[in-house]
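One-letter residues, chain by chain:
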Amino acid sequence: MDRLTAKTQASGAARLPDYAPEDRGCGIVHLGLGAFHKAHQAVYTDDALARDGGDWRVIGVSLRRPNAANELTPQDGRYTLIESGAEGTAFRVIGSIARALTLQDDRLAVLDALTSPQTRIVSTTVTEKAYGIDRETGGVSPAHPAIAKDLANPDAPQSVVGLIAWALKQRKSLGVPAFTVLCCDNLPENGRMLRAVVLDYTRRAFPEVAAHITTDVAFPSTMVDRITPAASDETRDQVRKKLGFEDHAAIEAESFRQWVIEDSFPMGRPKWEAGGAVFVDDVEPYEQMKLRMLNGTHSMLAYSGFLAGHRYVRDVMQDDALTVLVRRHLEAAAGTLRPLPAVDFGDYAASLEMRFRNPHLAHETYQIAMDGTEKLPQRVVGPALEVMNGSKDPSPFAFAVAAWMRYVLGVDEAGTAYDIRDPRQEDIVRRLAGRTETADIVEQLLAMDEVFPGELAQCRAWRHLVTGYLHIMLSEGMRAAIKREAER
Ligand code: CS2
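The model shown is predicted, which means the values in this text are computed figures rather than measured ones. (Residues numbered from 1 in each chain as written. Predicted model: local features only at pLDDT ≥ 70, side-chain atom pairs only at ≥ 80, totals over all residues.)

**Topic: the overall build of the protein chain**
Right, so step 1: A tally of helices and strands in the protein chain yields 21 helices and 12 strands.
Right, so step 2: The C-alpha radius of gyration of the protein chain comes to 23 Å, within 12% of the 23 Å expected for a compact globule of 488 residues.
Right, so step 3: A principal-axis box enclosing the C-alpha atoms of the protein chain has dimensions of 60 × 55 × 45 Å.
Right, so step 4: Taken across its 488 residues, the protein chain has 51% of its residues classed as buried. (Helix = DSSP H or I, 4+ residues; strand = E, 2+ residues; numbered from the N terminus. Rg over C-alpha atoms; globule rule 2.2 N^0.38 Å. Buried ≥ 20, exposed ≤ 12 C-beta atoms within 10 Å, placed from the backbone.)

**Concerning the domain arrangement of the protein chain**
Right, so step 1: Partitioning the protein chain into domains gives domain 1 (21-281) and domain 2 (284-487).
Right, so step 2: In this structure, domain 1 and domain 2 have C-alpha centres spaced 28 Å apart.
Right, so step 3: Across the boundary between the two partners, domain 1 contributes 22 residues, which contact 23 residues of domain 2.
Right, so step 4: Taken together, the elements giving at least two residues each to the side of domain 1 that touches domain 2 come down to strand E4 (79-85), strand E9 (222-225) and strand E10 (251-254). (Domains from an automatic or database assignment. Contact = placed C-beta atoms within 7 Å.)

**Topic: the sheet that holds strand E11 (residues 258-262)**
Right, so step 1: On the basis of which strands lie adjacent, the open sheet formed by three strands has the order E9-E11-E12 and mixed pairing. Two strands close off the open sheet at either side, each with one partner strand: E9 and strand E12 (278-280). Neighbour to neighbour, the strand axes of the sheet diverge by 20 degrees on average, direction disregarded.
Right, so step 2: Sheet analysis places E9 next to E11, joined by four bridges and oriented antiparallel. Within E11, the position partnered with Val 224 by the bridge is Trp 259. (Pairing = 2+ DSSP bridges. Axes fitted to C-alpha atoms, helices over the stretch in contact; angles between N-to-C directions.)

**Focus on the pairing of strand E2 (residues 26-31)**
Right, so step 1: Burial runs high along E2: five of the six residues are buried.
Right, so step 2: As paired strands, E2 and strand E3 (residues 57-62) are joined by five bridges and run parallel to one another. Residue pairing across strands places Val 29 opposite Ile 59, the latter belonging to E3.
Right, so step 3: As paired strands, E2 and strand E7 (residues 121-124) are joined by four bridges and run parallel to one another. Bridge pairing in E7 links Val 29 to Val 122.

**A few points about the environment of Gly 175**
Right, so step 1: Mapped onto the elements, Gly 175 comes out in the loop between helix H6 (160-174) and strand E8 (180-183).
Right, so step 2: In this structure, the C-alpha to C-alpha distance between Gly 175 and Pro 117, residues 58 residues apart in sequence, is 9.4 Å.

**Some points on the sheet that holds E3**
Right, so step 1: Strand order in the open sheet made by the five strands is E6-E3-E2-E7-E8, with parallel pairing throughout. In the strand order of this sheet, the two ends are held by strand E6 (97-102) and E8, each with one partner. Taking the axes of each pair of neighbouring strands and ignoring which way they run, one obtains an average angle of 20 degrees across the sheet.

**Some details on the confidence of the model for the protein chain**
Right, so step 1: Mean pLDDT for the protein chain: 97, with 100% of residues reaching 70 or above.
Right, so step 2: The least confident element of the protein chain, judged by mean pLDDT, is helix H3 (residues 66-72) at 89; the most confident is E7 at 99.
Right, so step 3: The ipTM, which scores confidence in the relative placement of chains, is 0.99 for this predicted complex, and the corresponding pTM is 0.97. (pLDDT = per-residue confidence, 0-100.)

**Considering the UniProt feature "domain: Mannitol dehydrogenase C-terminal" (unreviewed entry) in the protein chain**
Right, so step 1: When the UniProt feature table is mapped to this numbering, "domain: Mannitol dehydrogenase C-terminal" (unreviewed entry) covers residues 282-460.
Right, so step 2: Helix makes up 63% of residues 282-460 and strand makes up 0%, while its end C-alpha atoms are separated by 36 Å. (UniProt positions renumbered as here; feature names shortened; annotations may be inferred.)

The structure is reproduced here in structure tokens:
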């Protein structure tokens, strides 16, 4: 069977790019060429190129996975996106990625792209842990392994922050205007966050350009949303069967997608409105809504669902008791939000429930469960702290945190060990070694100050709630804990 390339002809079931991608130049370097970028920003860019033209194709850079480039390069950057929702399933070939590079193997080409005058935007989806944020100071964490390496040798950058700072310094010395930095990870005020981290890093590594970053570089914040399970053999099989070609880079996502962006692009931008992106002055309330309602509930259902034996999110939504907790978490998270004039949080919650139910998506609870120490602060701990200081019920947040604590024990209820996949895994294992008492486990984990601010860790009522839930999870099992909580 032939492999998908730029020459592949329409085959009925797939929609091909309705423009000539190769006629367009590049304008974006994207760091973190994973499934989410391919299902989200690359699709909006594809729509913008089709509708409005412009030299805005993407040079995608994989910082970790060499296979992203191996999958895409022989296919001229083309890949199939399978979009599934209530209205059915659609197949679409995306043409916006011009080149796929790997930092390790194509270092010079990556540095060249970052300093090229054609590059006007550098966007990122590298996951929360890759930025090396020090959550207490808001600056960079010099102890983060990749940041530490780069600070020791800033002219040979490896980390995302090191690369951006180095490129901005080079451009300045070459007289090339700065690119706009567009963070597309699930972090609150992600643009402002990345700006603070890059600025702090630059002050340490290249103090002479710190002022340039302060005055000349835009870091718009964005809220990005599209549920995108990791691609599997089944994804590629579907393409083979439906479209009759091999596509090693095929991905699947829900049909829903949303992108809310601050319109601050001094060097221009694609007309992402063509794909439905919305430009606003202040993204923060949208980000809070999405992080606390969608992602917070996702984390809660991932930890509890995984331990209750539910492999996929859609299975969680078949569990009536857990569905009660999903609804309760959505409501509790909504209760912490500032009103957004254009949005009814009740409707948003109902739409999220529908999306979680999507029967076409094989979205693993284990996938969502990874990197908990990087995700919980903005998803669950932040709202918990606000609620503990107010009069609302903190139980849903405490239940979610207890489920995470149960999860990081790393052994399921049948006694089978699993990898908890967290950047602070070593610290967690060290803290928990030899601890069997629930109260000890809670104390050890709440003492992780990168995750739990002291104010919450010291709060007796909070500790009591979390300990109570974890105790039931450990003594009676997760299913019983879910059931008891749902009946409460
Ligand atoms: C999920 C997100 O894996 C996770 O942590 O909560 O990837 C979620 O699917 C996306 O943010 C949806 O936009």
